2 protein chains.
Amino acid sequence: MYPDSYLVSTEGKCRGVFTEIPKQYHSLLVRNYEGCLIIPGLSDLHVHAPQFSYRALGMDRELLAWLNRYTFPEEAKFSSSSYADEAYGYFVDALRRSATTRACIFGTVHRKTVEMLMDKLDQTGLFALVGKVNMDREVREDLLEKNSAEETETWLKRTMGKYKTVKPILTPRFVPTCSDGLLEKLGELQRAYQVPVQSHLSENPDEIELVHRLCPWSDFYGDVYDHFGLFGGEVKTVMAHCVYSTDAEVERIKERGVFVAHCPQSNTNIASGIAPIRKYLRKGIYVGLGSDVAGGAHLSIFRAMTDAIQVSKLYWRLLDPEAAPLSAAEAFYLGTAGGGAFFGKVGRFEEGYDFDAVILSDQRLPHPHQLSIEERLERLIYLSDDRDIRAKYVCGREIEL
Amino acid sequence: MYPDSYLVSTEGKCRGVFTEIPKQYHSLLVRNYEGCLIIPGLSDLHVHAPQFSYRALGMDRELLAWLNRYTFPEEAKFSSSSYADEAYGYFVDALRRSATTRACIFGTVHRKTVEMLMDKLDQTGLFALVGKVNMDREVREDLLEKNSAEETETWLKRTMGKYKTVKPILTPRFVPTCSDGLLEKLGELQRAYQVPVQSHLSENPDEIELVHRLCPWSDFYGDVYDHFGLFGGEVKTVMAHCVYSTDAEVERIKERGVFVAHCPQSNTNIASGIAPIRKYLRKGIYVGLGSDVAGGAHLSIFRAMTDAIQVSKLYWRLLDPEAAPLSAAEAFYLGTAGGGAFFGKVGRFEEGYDFDAVILSDQRLPHPHQLSIEERLERLIYLSDDRDIRAKYVCGREIEL
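Bear in mind the structure is a predicted one, so any value in this text is a computation, not a measurement.

Observations concerning the overall build of chain A
Counting its regular elements, chain A contains 13 helices and 16 strands. Its C-alpha atoms give chain A principal-axis dimensions of roughly 60 × 50 × 40 Å. Counting all 401 residues of chain A, 64% fall into the buried class. Contacts in chain A between residues far apart in sequence, at least 24 positions, make up 75% of those at least 6 positions apart. Carbon together with sulfur atoms contributes 47% to the accessible area of chain A, which is approximately 14,900 Å² in total. Of the charged side chains in chain A, 47 are positive and 56 negative; the average position of the first set lies 3 Å away from that of the second.

Right under this line is the structure:
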């Protein structure tokens, strides 16, 4: 925490925080955010763009029933360009106005409208890894892909290198909807195109049971992805949830350097449970936060921070008195540096890190106290919304709010 | 749910909902809230006004340590009129701008500044039951009252009948800080002045242990209040929390018609646990919602609704598969009619009920769907904030937002 300081950026990179502007930067433009807090941009490691429009609706089912009842019917609509244009417009608009600077985003199986989503994101300047979803089993007819891998290769060729801060990420939805044959091909595509991977892991007991039934040859759920070369190691991988990962799965996550996207609100809303984040942090596993809209109803990673703190307190109280609740500082870490690490040198104001920053004002939240910067930040984490964001930068470039 | 209808109010009372304006009301002024949703006002059955300014700070302790570390030092400041003027100003302002129309409010032990709070609330037109807190043991010196009952009687005499929609409510803080002698006198005051009662009950394991130690003669925590005539029956009583009420306590709550103020966010933030609300509803116990600022960080009863749904899902998943999670409709009921019943005929748009209403717009939350009124309401419960409130009425009178 640096009071009354200068944060310097050149060429999209952070050059450090100084009490006086170093001589070599005297020619730089100075922007004055007096009275505001400047924080690293927030990273959302797991969010479903097509689900944004029905967030805060239909959270009265568990995962598998919820997917069939709400998610898949909605995602089927994204075969329509005009529907996708409107719905993705709302999503991208909200993401732009939020404190999120980077995100790992699921689209749908539809290549063309996923490209539309990528175009829209590119126009904002936000940094996004976007996935065309793969599904070739256990899903309604109109979402079932016959040429999933081929379409994915076409999409990779069309989008790799096309944008400045938007890139493709391989996105097998989850094991239940991806046959071994499809995962095999996706593994080959990964090795051919060197793209990162995102998926879901051990979110719900019935889902895990289904995976065991579909892949009886696997040691555990994550072992399926790993078998096809889609689980860390050389492959930058983020897995959402990990609520019920077994010891063996946790060991593999750690060993392979897989990122866990902790999505506390989603795990609550669709009654999955509480992920043992204290355990993961103690083991040195990489953890970031995900809004998981629309399992989560809120796109805000500040909200994800407070949700993470809150469920960690219930976990401590109800399940494990040895698992100390997350502090506000730890939750802030998860939403900035923790998740940011998935994108490289991101989420800290250190020399050489990408310059992603959010400028926050707490003027709308008056109080009679003398507060430290830490306390002002804690209040903003719990109480701020998009009204309180004064400016936002990604790779040194200001984002229009 | 009534689409495109007229909600009629005269003399501060609701006269029903009609598809056409009945003849006898043709002369009434018509206000057009086309496109908006009109809902009954929300009731906050438990909130601490002096804690508002430090909400979203210092939630890293359990109840008793939290009170000593954060709450009591802050409440001590309310001996100062100038401090109270500023801090209560922020609270009343936020309550006015929220969707809450009625509240049961704790002040501090300081009679004069509690009267200042009541004056401020009176100016808004909100309906409020406000308590001068009683404490004569187990608290730091500067909050320890020597003439707690006498001061309370002075306060009752000065405030009863003084305001139109603001009234005093007896407020022994909780058993740990109220000696048997003090509770005895408060029971006498209750019978002499016929005022309602609010307090805390069975929130935290250590607190309950402390009550057993301080009142070894009692059968259970709530039995202490009951022994002194401060626990329902003839006495309108609301008890916050009831997270750990024993079967005997639950039976007494039911038998005496005591209201439970369910404060899910507070119970999470200070790691108390999850109250078994499904059980209370099945037993026919009166339940409403409380923000419990500053155990809760948010004054919004919409937020309390979603918190209630969310913790009920974790309760179902982690503690009791027989306890079905709360639906959005049930949570909405708790925040309107459920809590409203504490104030009389409040919280419904039925003939003869007090006309408390909130007009909400969902224009700020665009989406590509055709939604039912129920779905639009569910979205507003999860996603709305004070920006979305178009107007608010209490007893037929419009509140300045």
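A closer look at the sheet that holds strand β5 (residues 100–106) of chain B
All names here are of chain B. Sheet architecture is open: four strands sit in the order β4-β5-β6-β8, paired in parallel fashion. Either end of the sheet is taken by a strand with one partner, and the two such strands are β4 (42–48) and β8 (166–168). Across the sheet, the mean angle from the axis of one strand to that of its neighbour is 20°, orientation sign disregarded. As defined by bridge partners, strand β6 (residues 127–131) adjoins β8 across three bridges and the pair is classed as parallel. By the bridge assignment, A128 is partnered in β8 with V166.

Here we look at the pairing of β6 of chain B
Residues and elements named next belong to chain B. Along β6, five of the five residues are buried, which leaves the element largely enclosed by surrounding structure. Side chains F127, L129 and G131 project from β6 onto one buried face, and the interleaved A128 and V130 project onto a second face that is buried too. Where β5 meets β6, five bridges bridge the pair, whose relative direction is parallel. Along β6, the bridge assignment pairs R102 with F127. Crossover β5 to β6 through helix α3 (residues 111–124) is right-handed.

A word on the sheet that holds strand β14 (residues 357–360) of chain B
Residues and elements named next belong to chain B. Taken in spatial order, the four strands of this open sheet run β3-β14-β15-β16, and their pairing is antiparallel. Lying at the two open borders of the sheet, with one neighbouring strand each, are β3 (37–40) and β16 (397–398). The pairing of β14 with strand β15 (residues 389–394) spans four bridges and is classified as antiparallel. Residue pairing in the sheet places V358 in a bridge with K392 of β15. Most of the contacts of helix α13 (residues 373–383) go to β3, to which it runs at about 70°, and overall it touches β3 and β14.

A closer look at the interface of chain B and chain A
In this complex, chain B contributes 50 residues to the contact, which on the side of chain A involves 50 residues. Summing the contributions of chain B and of chain A, the shared interface buries around 4,200 Å²; its carbon and sulfur component is 59%. One can count six salt bridges joining chain B with chain A. With its nearest N and O atoms 2.5 Å apart, the salt bridge here joins R317 of chain A to E62 of chain B. Applying the counting rule to chain B against chain A returns 20 residue pairs in polar contact (both at pLDDT 80 or more). Elements represented by at least two residues in the side of chain B that touches chain A include exactly α2 (81–97), α9 (264–269), α11 (301–318) and α13 of chain B. Per-element accounting of the side of chain B that touches chain A gives the leading share, nine residues, to α11 of chain B.

Points about the relation of the copies chain B and chain A
Expressed as a screw transformation, the operator carrying chain B onto chain A has a rotation angle of 180° and an axial translation of 0.0 Å, and the superposed copies differ by an RMSD of 0.0 Å. Within this description, the copies of the chain are treated as partners about a two-fold rotation axis. Of the C-alpha atoms belonging to chain B, the one lying closest to the rotation axis is found on L318 of chain B, 3.9 Å away.

Some thoughts on the packing of α3 of chain B against helix α4 (residues 148–159) of chain B
Residues and elements named next belong to chain B. With their axes 10 Å apart at the nearest point, α3 and α4 run at an angle of 25° to one another. Classified by the angle between their axes, α3 and α4 sit roughly parallel to one another. Judged by the sense of rotation from one axis to the other, the crossing of α3 with α4 is right-handed. Facing α3, whose interface residues are R111, V114, E115 and M118, α4 presents E151, T154, W155, R158 and T159.

Structural notes on the environment of I389 of chain B
Residues and elements named next belong to chain B. Along the chain, I389 falls in strand β15. Accessibility expressed as a relative area gives 9% for I389, which makes it buried. With 291 residues separating them in the primary sequence, I389 and S98 have C-alpha atoms 7.7 Å apart. In contact with I389, other than residues within four places in its own chain, are R97, S98, A99, V358, I359, L360 and L401.

Notes on the packing of aromatic side chains
Inspection of the entire model under this criterion finds 28 aromatic pairs over all chains. With centroids separated by 5.7 Å and ring planes inclined at 75°, the aromatic side chains of F127 of chain B and F343 of chain B adopt a geometry described as edge-to-face. Taken as a pair, F127 of chain B in strand β6 and F343 of chain B in the loop between α12 (328–340) and β14 lie far apart in primary sequence, 216 residues in all. Residue classification places F127 of chain B among the buried residues on the basis of a relative accessible area of 10%. Chaining the aromatic ring pairs together yields one cluster made of F127, F259, Y286, F342 and F343 of chain A. In this arrangement the basic side chain of R102 of chain B is found over the ring face of F127 of chain B, its NZ or CZ atom lying 4.1 Å from the centre.

Quick notes on the state of the cysteines
Residues and elements named next belong to chain A. Applying the stated criterion across every chain yields a total of zero disulfides over all chains. Distance from the sulfur of C242, which forms no disulfide, to the nearest cysteine sulfur (C263) is 9.2 Å. Residue class for C242 comes out buried when judged on its relative accessible area of 0%.

Some remarks on the pattern of salt bridges
One pass over the full model with this rule turns up 69 salt bridges over all chains. Across the pair D385 of chain B and R387 of chain A runs a salt bridge, and its minimum N-O distance is 3.6 Å. With one member in each of two chains, D385 of chain B in the loop between α13 and β15 and R387 of chain A in the loop between α13 (373–383) and β15 (389–394) form a pair that bridges those chains. Under the relative-accessibility criterion, R387 of chain A is labelled partly exposed at 26%. Across the pair E350 of chain B and R348 of chain B runs a salt bridge, and its minimum N-O distance is 4.0 Å. Take E350 of chain B: its relative accessible area is 40%, and that puts it in the partly exposed class. Judged by its relative accessible area of 32%, R348 of chain B falls in the partly exposed class.

Observations regarding helix α1 (residues 63–76) of chain A
Residue and element names in this part refer to chain A. The sharpest bend along α1 reaches about 35° and sits at Y70, with the proline P73 one to four residues further on. Among the residues making up α1, those that are buried are L63, W66, L67, Y70, T71, F72, E74, E75 and A76. On its buried face, α1 is in contact with β4 (42–48), α2 (81–97) and α6 (205–214).

Considerations on the side chain of Q190 of chain B
Note on placement: Q190 of chain B falls in helix α5 (residues 180–193). What makes Q190 of chain B buried here is its relative accessible area of 5%.

Brief notes about the domain arrangement of chain A
Residues and elements named next belong to chain A. Entries for chain A in the domain assignment read domain 1 (6–39 + 350–398) and domain 2 (42–343). Relative to domain 2, the C-alpha centre of domain 1 lies at a distance of 29 Å. Of the residues lining the interface, 19 residues belong to domain 1; the matching set on domain 2 comes to 20 residues. Counting the surface lost from both domain 1 and domain 2, the interface buries some 1,500 Å², and carbon and sulfur atoms represent 64% of this. Per-residue buried area on domain 1 facing domain 2 is highest for I381, Y382 and K392; these three make up 36% of the total on that side.

As for unusual backbone geometry
Residues and elements named next belong to chain A. Residues V293 and A294 are joined by a peptide bond in cis, for which omega reads 10°. Within the secondary structure layout, A294 lies in the loop between β13 (287–289) and α11 (301–318). Phi at A56 takes a positive value of approximately 65°, unusual for a residue other than glycine. On the secondary structure map, A56 appears in the loop between β4 and α1.

Conventions and cut-offs
Residues numbered from 1 in each chain as written. Chains lettered and ligands numbered in written order. Predicted model: local features only at pLDDT ≥ 70, side-chain atom pairs only at ≥ 80, totals over all residues. Heavy atoms only, no water. Helix = DSSP H or I, 4+ residues; strand = E, 2+ residues; numbered from the N terminus. Buried < 20%, exposed > 50% of the residue type's maximum accessible area, 1.4 Å probe, protein only. Contact = heavy atoms within 4.5 Å. Areas by Shrake-Rupley, 256 points an atom, 1.4 Å probe, with all protein chains shown as cover. Lys, Arg positive; Asp, Glu negative; His and termini not counted. Charge placed at Lys NZ, Arg CZ, Asp CG, Glu CD. Pairing = 2+ DSSP bridges. Axes fitted to C-alpha atoms, helices over the stretch in contact; angles between N-to-C directions. Right-handed = clockwise from strand over helix to strand, strands pointing away. Buried area = accessible area lost by both parts, 1.4 Å probe. Salt bridge = Lys/Arg side-chain N within 4 Å of Asp/Glu carboxyl O. Polar contact = N/O pair within 3.5 Å; in protein donor to acceptor, adjacent residues only side chain to side chain. Least-squares fit on C-alpha atoms with pLDDT ≥ 70 in both. Parallel < 35°, antiparallel > 145°, perpendicular 65-115°, else oblique. Left-handed = near helix turned anticlockwise from the far one by under 90°. Phe/Tyr/Trp six-rings, centres within 6.5 Å; stacked < 30°, edge-to-face > 60°. Lys NZ or Arg CZ within 6 Å of the ring centre and 35° of its normal. Disulfide = S-S within 2.5 Å. Bend = angle between axes of the 7 residues up to and from the residue. Domains from an automatic or database assignment.

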